[in-house]
Amino acid sequence: MKRTVLILMAIVLIGGSFLVYKKFLSKPSTKVLETARVEKGSIRGVLVETGIIKPQVGAVVKIGARATGEIVKMNVKIGDRVKTGQLIALIDDREIQKAVEQQKAALIAAQNTLSQIELTYPERIREAKANYDYAKINYEREKELLKYEYTTKDAVDKAKSQFEATEAVFKRLQDEYKTQLKIAKANIEDLTAQLGQQETKLTYTRIYAPINGVVSDVTAQEGETIVTGLQVANLVTVLDTTLLEMWIYVDETNIGRVRVGQQVEYYVDTFPDKLFHGKIEKIYPQPATKDNIVYYLSIVKVAKEDTRFLKPEMTTHVKIIFDEKSNILIAPNAAIKFEKGKQVAYKVIGPHKVQKVELKTGIRGEEKTEILSGVQEGEVLATKLILPVAKPER
């Protein structure tokens, strides 16, 4: 019995000693779970932003009508593909056709009048010229005869009067011919202009597609009457799906690192495994505010081959590559710790021993960080570890 009691007391003493040693005398150990080696490599700095697919300027065309009347033919519906010059709609043109016919008839009449003037006046002028020439010769002859008293003064006066009369008729016909020509030609020009105006109005009744694209909206149907006024009545909207661009919303803290010409990678939720590429084309100076955050729009044109997959208003997940370096010292992002406002790493120097070192870093990439100083190539850093809990000070 005594022996059993002694054994129990010994076990208690040994256990107590072990607890005292563990609590007060033993040093807490560090557990390194994962490591990575500092090495030379390439890295790129990226900004992760959100964007949206939009049509380019000129990609959406609202086709209107300037003619008033009933729509007698609507050749398209939403979703139809159209080509430039394709007839989309036809508006009742009977009234304008009549006006065109009237103008054509008036023009023909004016042209006939001009032809008549050009035909008759030269003949009349030739006759007047012949009479004028005869009267002039007769007057000269009578004056010569009077010198030799072979005629009378009265005969000379009559010859002179006849000469002056024929001269006046000849000049009047010449002036009248010129005036009538001007009037007839001016009338033809005016009627031609009026005919052109009516023919132009006639073209308003035929609505053609101005671009290649897809019909995205139809606001009028056959049988409806449209009335134009101060504004053009919109009938059909056509979208050129090959002219797309991406608006990237870059917040004000990152816009300073964005430049025109920088490469961009992005994907959309419907094609998460397909990566699209582009570059920054423009940066708008006017900010946009969303949810009390200031953004600046950076514009990327969508490549034509990518428009087969992308559609307007799709949300994009974007990476803007603002810097790239190669053959530099890099370490995994997980190895870089932030303690008391400083960047540090835990260098592995033994099985259960690490050394905390202060780092100076450069570009922080998607997975790696550029190391400027603090560690050397080949050294091993802890990316995941368990540090001993520091004893509270008394």
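Residues numbered from 1 in each chain as written. Predicted model: local features only at pLDDT ≥ 70, side-chain atom pairs only at ≥ 80, totals over all residues. Heavy atoms only, no water.

A. Molecular detail of the overall build of the chain. Helix and strand counts for the chain come out as 3 helices and 21 strands. Rg of the C-alpha trace for the chain: 50 Å, well past the compact-globule value of 21 Å for 394 residues, more than 25% over. If one aligns the C-alpha atoms of the chain with their principal axes, the spans along those axes are about 195 × 55 × 35 Å. A burial count over the chain gives 35% of its 394 residues as buried. Sequence separation of at least 24 residues holds for 75% of the intrachain contacts in the chain that already meet a minimum separation of 6. Here the chain displays about 25600 Å² of accessible surface, and carbon together with sulfur accounts for 54% of that area. Charge-centre separation for the chain: the mean point of 60 positive side chains lies 15 Å from the mean point of 51 negative side chains. (Helix = DSSP H or I, 4+ residues; strand = E, 2+ residues; numbered from the N terminus. Rg over C-alpha atoms; globule rule 2.2 N^0.38 Å. Buried < 20%, exposed > 50% of the residue type's maximum accessible area, 1.4 Å probe, protein only. Contact = heavy atoms within 4.5 Å. Areas by Shrake-Rupley, 256 points an atom, 1.4 Å probe, with all protein chains shown as cover. Lys, Arg positive; Asp, Glu negative; His and termini not counted. Charge placed at Lys NZ, Arg CZ, Asp CG, Glu CD.)

B. Main features of the confidence of the model for the chain. Chain-level pLDDT for the chain is 87 on average; 90% of the residues reach the 70-or-more range. In this model, residues 16-26 is a region of pLDDT below 50 whose contacts with residues beyond four sequence positions or in other chains number 4 contacts. (pLDDT = per-residue confidence, 0-100.)

C. Main features of the nonpolar core. Core analysis: the largest hydrophobic core is formed by 24 residues, its most contacted members being Ile117 and Tyr177. Discounting residues that sit within four places of it in the chain, Ile117 has contacts with Pro122, Tyr177, Gln180, Leu181 and Ala184. Counting residues in each nonpolar core, the second largest holds 20 residues, with Val76, Val82, Ile91 and Val238 among its members. (Core = buried A, V, L, I, M, F, W, Y, C linked by side-chain atoms within 4.5 Å.)

D. Representation of the packing of aromatic side chains within the structure. Overall, the coordinates contain 9 aromatic pairs when judged by the stated rule. Between the aromatic rings of Phe271 and Phe309, the centroid separation amounts to 5.5 Å while the plane-to-plane angle is 85°, which identifies the pairing as edge-to-face. Placement of the pair is Phe271 in strand 13 (residues 271-290) and Phe309 in the loop between strand 14 (293-301) and strand 15 (315-332), with a sequence separation of 38 residues. For Phe309, a relative accessible area of 22% translates into the label partly exposed. When the centroid spacing of 6.2 Å and the interplanar angle of 50° are considered together, the rings of Phe276 and Phe309 count as tilted. Of this pair, Phe276 sits in strand 13 while Phe309 sits in the loop between strand 14 and strand 15, and the two are 33 residues apart along the sequence. Joined through ring pairs, the aromatic side chains of Tyr132, Tyr139, Phe163 and Phe170 make up one cluster. (Phe/Tyr/Trp six-rings, centres within 6.5 Å; stacked < 30°, edge-to-face > 60°.)

E. Highlighting the pattern of salt bridges. Applying the stated rule across the entire model yields 21 salt bridges. Here Lys356 ties to Glu339 by a salt bridge, and the two come within 3.3 Å at their closest N and O atoms. With Lys356 in strand 18 (residues 353-358) and Glu339 in strand 16 (residues 337-339), this pair connects stretches of sequence that are 17 residues apart. When the shortest N-O distance is used, the salt bridge between Glu379 and Lys347 registers 3.4 Å. Within this pair, whereas Glu379 is found in the loop between strand 20 (368-373) and strand 21 (380-386), its partner Lys347 is found in strand 17 (residues 342-350), the two being separated by 32 residues in sequence. The exposure class assigned to Glu379 is partly exposed, which follows from its relative accessible area of 22%. Taken together, the shared-partner salt bridges in this structure form one network comprising Arg44, Glu265, Lys319 and Glu366. (Salt bridge = Lys/Arg side-chain N within 4 Å of Asp/Glu carboxyl O.)

F. Up close: the sheet that holds strand 7 (residues 206-208). The strand order 7-6-4-9 describes an open sheet built from 4 strands, whose pairing is antiparallel. Looking along the sheet, the strands with just one partner apiece sit at the ends: strand 7 and strand 9 (225-226). The pairing of strand 4 (residues 69-74) with strand 6 (residues 87-91) spans 3 bridges and is classified as antiparallel. Looking at the pairing, Lys73 lines up with Leu90 of strand 6. (Pairing = 2+ DSSP bridges.)

G. View of the layout of surface pockets. Quantified by volume, the largest pocket comes out at close to 170 Å³. Taken together, 13 residues line the largest pocket, and the ones lying closest to its centre are Arg81, Thr241, Thr307, Leu310 and Lys311. Per-element accounting of the lining of the largest pocket gives the leading share, 3 residues, to strand 8 (residues 213-218). Its residues placed into classes, the lining of the largest pocket shows 6 nonpolar, 4 polar and 3 charged. (1 Å grid on protein atoms, 1.4 Å probe; cavity = no way out; pocket = protein on both sides within 12 Å on 5 of 7 lines; lining within 4 Å. Points joined across faces, edges and corners; volume = space filled by probe spheres on them. Nonpolar A, V, L, I, M, F, W, Y, C, P; charged D, E, K, R; others polar.)

H. Structural detail: the side chain of Thr361. Its place among the elements puts Thr361 in strand 19 (residues 360-364). By relative accessible area, Thr361 is classed as buried at 19%.

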